[in-house]
Amino acid sequence: MLLLVAAVLAAPTLLPPPDAVVTVGDGVTMSRTGDAAEGEDPASPNYGGESAQDSWSYEMERRRDRRIDLVASDAIMADHAPLIAACAMAAGGTVGAKASATVTFASPTSLLSVAVMPAGDAALAECVRSTLHKRQVGGLFHPVAYPRGSMPTISPTWSFTLVGAPVAIPGPVDIELSLGGVRFGQKGSAIAEHASPRYNGNLAVYSRAVDDNSRYMGIPCSLGWLADEDDVILGVRLRVDGDSSALLLRDRLKARFGTGKYDTRMKGWYWRGARFVYVLQHVPDGETEELVIFDVVPALRSGAAKFIPGDVPASQVDSSTRLPKILKDD
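Conventions adopted
- Residues numbered from 1 in each chain as written.
- Predicted model: local features only at pLDDT ≥ 70, side-chain atom pairs only at ≥ 80, totals over all residues.
- Heavy atoms only, no water.
- Pairing = 2+ DSSP bridges.
- Helix = DSSP H or I, 4+ residues; strand = E, 2+ residues; numbered from the N terminus.
- Buried < 20%, exposed > 50% of the residue type's maximum accessible area, 1.4 Å probe, protein only.
- Arc of directions from axis to C-beta.
- Contact = heavy atoms within 4.5 Å.
- Polar contact = N/O pair within 3.5 Å; in protein donor to acceptor, adjacent residues only side chain to side chain.
- Phe/Tyr/Trp six-rings, centres within 6.5 Å; stacked < 30°, edge-to-face > 60°.
- Lys NZ or Arg CZ within 6 Å of the ring centre and 35° of its normal.
- Salt bridge = Lys/Arg side-chain N within 4 Å of Asp/Glu carboxyl O.
- Expected span 1.5 Å × (residues − 1).

Remarks on the sheet that holds strand β11 (residues 215-216)
Backbone hydrogen bonds are what pair the strands of a sheet, in a parallel or an antiparallel way. The strand order β5-β11-β12 describes an open sheet built from three strands, whose pairing is antiparallel. In the strand order of this sheet, the two ends are held by β5 (140-141) and β12 (219-220), each with one partner. Summarising the sheet, β11 and β12 pair through two bridges and their orientation is antiparallel. The residue of β12 that forms the bridge with R215 is P220.

This is the structure:
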């Protein structure tokens, strides 16, 4: 007993999670309470043998995945801030209005559900609900169960503050400026926990070991972020395997953006916005479907894409070239 008490007393005090995590969006600022996984990680145990070490390793995986998923959810909320702000201002909302809501990211689908708290500004609360509830988002999360138990649901309660009218209201294809917490336009070298990049011509392809169990809109996938010569992220490439996953991917893209357009020459679907384009193609000689999302202007400027689907008639495209260029295999 004395040895046990001594071990407890000697246990280090870990730094707690932050009291609040603040996310600033265009027109709306949001905050949530810090999650337990965002506190200091416990050190590897030096007692208990292999069983204790395995338990610690599983816990570290869960904490690492959850931290990245929380960052991803924060980014998705920031991306939707201008829609909430525009709605609230149109409804007569006043600057400084506040509301609270719990937003749940469904692991199997990345479909949002919203439960508004009764207190707060009614107009802002309704805009949060109407903007986000049952919205299909392009979430990249890590919901795969480990031997010690499944990942907890990402379901934070946010406090929303209306700051003013948004600077710009994005169209459907241009709403999400991030994937898995990685923002288009940031430096590739700033991606947390990234592996050494691979190179495909002038493009650097970044990946993260943490994404070994990642799912895009609930679909198991592999992915890599694409960076130009200046190390600026201009796109991302996702791959899913099997016919059922390919059909599910297309259905969920349709739920977000509408039917899309099919190019018979490139044999692929695409969804075009003012800033981004999503291109879905089958990888030749395989059972893999590939989705490439890229930022149009830097992709053209860097030469990563020779043209944008929808800009060039199919008759002017060399049939031997998969479109766009960044869809080519490494």
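We are not done yet, so read on.
Considerations on the pairing of strand β14 (residues 233-241)
Along β14, seven of the nine residues are buried, which leaves the element largely enclosed by surrounding structure. Direction of pairing for strand β13 (residues 222-227) relative to β14: antiparallel, over a ladder of six bridges. By the bridge assignment for β14, W225 is matched with V236. Where β14 and strand β18 (residues 288-295) come together, seven bridges link them in antiparallel fashion. By the bridge assignment, V240 is partnered in β18 with E289.

Here we look at helix α3 (residues 122-132)
Of all the positions in α3, only L124, A125, C127, V128, T131 and L132 are classed as buried. All buried residues of α3 lie within an arc of 160 degrees about the axis, which places them on one face of the element. Taken together, the buried residues of α3 touch α2 (49-90), β3 (98-105), β4 (112-120) and β6 (157-162). With a side-chain oxygen lying 3.2 Å from the backbone nitrogen of A123, the N-terminal cap of α3 falls on D121. Just downstream of α3 lies K134, where phi reads positive at about 65 degrees.

A few points about the packing of aromatic side chains
Two numbers describe a pair of aromatic rings. These are the distance of the centres and the angle of the planes. Within the structure shown, the criterion is met by five aromatic pairs. Grouped by ring-pair contacts, the aromatic residues F105, F141 and W158 constitute a single cluster. Over the face of the ring belonging to W269 we find R250, whose NZ or CZ atom lies 3.8 Å from the ring centre.

Comments concerning the pattern of salt bridges
The tally for this structure, following the rule as stated, stands at 13 salt bridges. Note that R129 and E126 form a salt bridge whose closest N and O atoms lie 2.8 Å from each other. With a gap of three residues between them, R129 and E126 both fall in helix α3, about one helical turn apart. Among the residues examined, R129 registers a relative accessible area of 33% and is labelled partly exposed. Given the relative accessible area of 38%, E126 is considered partly exposed. E176 is the partner of R256 in a salt bridge, and the nearest nitrogen-oxygen pair spans 3.5 Å. In this pair, R256 sits in helix α4 (residues 243-257) while E176 sits in the loop between β6 and β7 (178-179), placing the two residues 80 residues apart along the sequence. The same class applies to R256 and to E176, which are both buried. Three or more residues are tied together by salt bridges with common partners; here these are R32, E38 and D74.

Notes on α4
Over its 15 residues, α4 runs 21 Å from end to end, which matches the ideal 21 Å to within 8%, given 1.5 Å per residue. Restricting attention to buried positions, one finds in α4 the residues S245, A246, L249, R252, L253, R256 and F257. On an axial view of α4, the arc spanned by its buried residues comes to 135 degrees, and they lie on one face. Those residues of α4 that are exposed and angled more than 90 degrees off the buried face are D243, S244, L247 and A255. Those residues of α4 that are buried are in contact with β11, β12, β14, β16 (268-272), β17 (276-282) and β18. Where α4 terminates, the next one or two residues include G258, which has phi positive at roughly 100 degrees.

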